[in-house]
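What follows is the residue order along each chain.
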Amino acid sequence: MFFLGYYYLWIAPHLLLAVVLVISLRRGLHRQLPIFYSYAAFELAQFLTLFTISRVSPFPDTTYRWALVLGMVIGAFLIMAVIFELANDLLVSRSSLTGVLRPLLRWATAALLLFAAIACAILPALGVQYALNMFQLLDFTSSLLQTGLLLSLFLFSRALHISWRSWTVGVAVGFGINACITLATAALRAEFARSGFIAVDITQMAAFHVCVVIWLVYLFLPERAPKLAGRGLEKSQMEFWDQELERMVRR
Amino acid sequence: MIALVFALVGLLALLLIVYLAKGHHATGGDLDELAAQLKPVDVNAFRNLIDEREEEFLRERLPAPEFKSIARERKLAAIEYIWSAAENAAILIRLGEAAKQDSDPAISSAGEKLFENALRLRLYAFKVVPRLYLGIIFPSAGPAPYAVADAYDTITRQVVMLGCLQYPTRGMSSAL
């Protein structure tokens, strides 16, 4: 029963990711976020590779571990690129934001990297195996960076009351939830070492499952164009704006 | 211990992201509701509050402790004005975004300009308010935020223009 659940959490999110990929390609959404589609395609390829390695006996355990670490490095870079792509989507046709958001993201990345380096030095090492320690380091650092940057983007858009397109919000929310849970569990993996490996793995796989389901749901949500309904402003407000205008003209 | 702290940070970040993402569903809405949220901002009174000559005049005529207290009150009042202007700007950002989607190019262009300026005003308010608070602690620090008054004037003009384009038959006074 346990193995059934384990395999479900490993296979099902990737099947759903393939569905997301096919549906959005059909709708032409890949033109909106091309790096996200590269990431999704890479994630599927990585899954197929790792699944094959784990099922085919001639490969030793170390091959699987190094393939996992290599995939994680590439995946982490791709997710970072997707986050910058999401930021770019937020900036489209908003020229006054470009000068503020770009340096903000640059500084946030630098500060988060510094913070992650310090935290990695403090967190206990997993063991003597190099691949395992690399895996822990990457898991923690990339999730910390992703969480920090996505939070910055959400806070920025909220503070300025600007909206993203539905699909973009969905992608950001999915990555955000996945990154937060990975951050929390990666830190716990370091604390509990091998005894907590399975619990951490299952939680992270469940988080990725939730992330893909969110992407799938947002694919079917209608685009929310900012439309306003109503009779118009009250007379008092009309007078107020008129007075403001008159004052300005008199000056 | 440090691992538990990061686990907690991760969970708090998760809650924050879910909360912030929920806010995105609030885009759009009723024009009347938005209009009711607008706060009156007297730009002339604000200009008076941040006028350096006025401050100099008070400094010359009042005893130092009294001047300090009044200068502090004036800065706090200016902050109130800036927040009100920033809140109005947030509403105008939504109005501008909605107008940008209009099929009429004139309305769309006016909406674009309103959106850009309201955004600029809100960004500027975020920069200026901490400086004004700093000015309360260190009275000689921080330039007067004249740009807020100018930016507010500009968006006021653009709101009126947008209103004229959307409701040409009702005339300027009833446009908004």
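Residues numbered from 1 in each chain as written. Chains lettered and ligands numbered in written order. Predicted model: local features only at pLDDT ≥ 70, side-chain atom pairs only at ≥ 80, totals over all residues.

A. Just the overall build of chain B, in detail. Within chain B, the secondary structure is distributed over seven helices and one strand. Its helices and strands taken in sequence order, chain B reads α-β-α-α-α-α-α-α from the N to the C terminus. Partitioning the intrachain contacts of chain B with sequence separation of at least 6 by distance along the chain shows that 66% fall at a separation of at least 24. (Helix = DSSP H or I, 4+ residues; strand = E, 2+ residues; numbered from the N terminus. Contact = placed C-beta atoms within 7 Å.)

B. View of the overall build of chain A. For chain A, the helix and strand inventory stands at eight helices and one strand. Mapped from its N terminus to its C terminus, chain A presents α and β elements in the order α-α-α-α-α-α-α-β-α. For chain A, the residues scored as buried account for 30% of the 251 residues in total. (Buried ≥ 20, exposed ≤ 12 C-beta atoms within 10 Å, placed from the backbone.)

C. Region of the structure containing the nonpolar core. Core analysis: the biggest nonpolar cluster contains 80 residues, and A:Leu150, A:Ile177, A:Cys180 and B:Ile17 have the highest contact counts within it. Considering every element that reaches this core, the biggest residue donor is helix α6 (residues 166-192) of chain A, with 15 residues. (Core = buried A, V, L, I, M, F, W, Y, C linked by C-beta atoms within 7 Å.)

D. Spatial organisation of the confidence of the model for chain B. Residue and element names in this part refer to chain B. Looking at chain B as a whole, the pLDDT averages 74, with 71% of positions reaching at least 70. For the stretch residues 167-176, pLDDT sits under 50, and the model shows 18 contacts to residues farther than four places along the chain or on other chains. The ipTM for the predicted assembly is 0.80, set against a pTM of 0.76. (pLDDT = per-residue confidence, 0-100.)

E. Main features of the packing of helix α1 (residues 2-26) of chain A against helix α2 (residues 34-55) of chain A. Residues and elements named next belong to chain A. Taken N-terminus to C-terminus, the directions of α1 and α2 make an angle of 145°; their axes are 10 Å apart at the nearest point. Between α1 and α2 the crossing geometry is left-handed. Listed contacts from α2 to His-14, Leu-17, Ala-18, Val-20 and Leu-21 of α1 are Tyr-37, Ala-40, Ala-41, Glu-43, Leu-44 and Phe-47. The residue inventory of the contact of α1 with α2, partitioned by class, reads nine nonpolar, one polar and one charged. (Axes fitted to C-alpha atoms, helices over the stretch in contact; angles between N-to-C directions. Left-handed = near helix turned anticlockwise from the far one by under 90°. Nonpolar A, V, L, I, M, F, W, Y, C, P; charged D, E, K, R; others polar.)

F. Quick peek at the environment of B:Asn117. Residue and element names in this part refer to chain B. Turning to its location among the elements, Asn-117 is positioned in helix α6 (residues 105-137). With 24 C-beta atoms packed within 10 Å, Asn-117 lands in the buried category. Separated by 24 residues in sequence, Asn-117 and Ile-93 place their C-alpha atoms 8.6 Å apart.

G. A look at the environment of A:Ile214. Tracing the chain through its elements places A:Ile214 in helix α7 (residues 197-220). When residues no more than four places from it in sequence are discounted, the contact partners of A:Ile214 are A:Gly170, A:Val173, A:Gly174 and A:Ile177.

H. Representation of α2(A). Residue and element names in this part refer to chain A. Relative to the 32 Å expected for 22 residues at 1.5 Å per residue, α2 spans 32 Å between its end C-alpha atoms, a close match to the ideal helical length. Taken together, the buried positions of α2 are Phe-36, Tyr-39, Ala-40 and Glu-43. Seen along its axis, α2 keeps its buried residues to an arc of 100°; they face one direction. α2 presents Ala-45, Leu-48 and Thr-52 as exposed residues on the side facing more than 90 degrees away from its buried surface. (Expected span 1.5 Å × (residues − 1). Arc of directions from axis to C-beta.)

I. Highlighting the environment of B:Ile82. Residue placement: B:Ile82 occurs in helix α5 (residues 64-100). Considering only alpha carbons, one finds B:Ile82 and B:Phe126, 44 residues apart in sequence, at a separation of 9.2 Å.

J. Representation of the confidence of the model for chain A within the structure. For chain A, the mean per-residue pLDDT works out to 81, and 81% of the residues sit at or above 70. Considering each helix and strand of chain A separately, the mean pLDDT is smallest for helix α8 (residues 235-250) of chain A, with a value of 49, and largest for α2(A), with 92.

K. Molecular detail of α1(A). Residue and element names in this part refer to chain A. For α1, with 25 residues, the first-to-last C-alpha span of 36 Å sits near the 36 Å given by 1.5 Å per residue. Of all the bends in α1, the greatest measures close to 25° and is centred on Tyr-8. Looking at the buried positions of α1, the neighbouring elements they touch are α2 and α7. Positive backbone phi, approximately 75°, marks Gly-28, located one or two places after α1. (Bend = angle between axes of the 7 residues up to and from the residue.)

L. The arrangement of the packing of α1(A) against α7(A) in detail. All names here are of chain A. Where α1 contacts α7, the two axes come as close as 9 Å, and the packing angle between them is 25°. Here α1 is positioned roughly parallel relative to α7, judged by the angle of their axes. Handedness of the α1/α7 crossing: left-handed. Residue-level inspection shows Tyr-6, Leu-9, Trp-10, Ala-12, Pro-13, Leu-16, Leu-17, Val-19, Val-20, Ile-23 and Ser-24 of α1 in contact with α7, the latter providing Ile-202, Met-205, Ala-206, Phe-208, His-209, Val-212, Val-213, Trp-215, Leu-216 and Leu-219. Residues of the contact of α1 with α7, tallied by class, amount to 19 nonpolar, two polar and no charged. (Parallel < 35°, antiparallel > 145°, perpendicular 65-115°, else oblique.)

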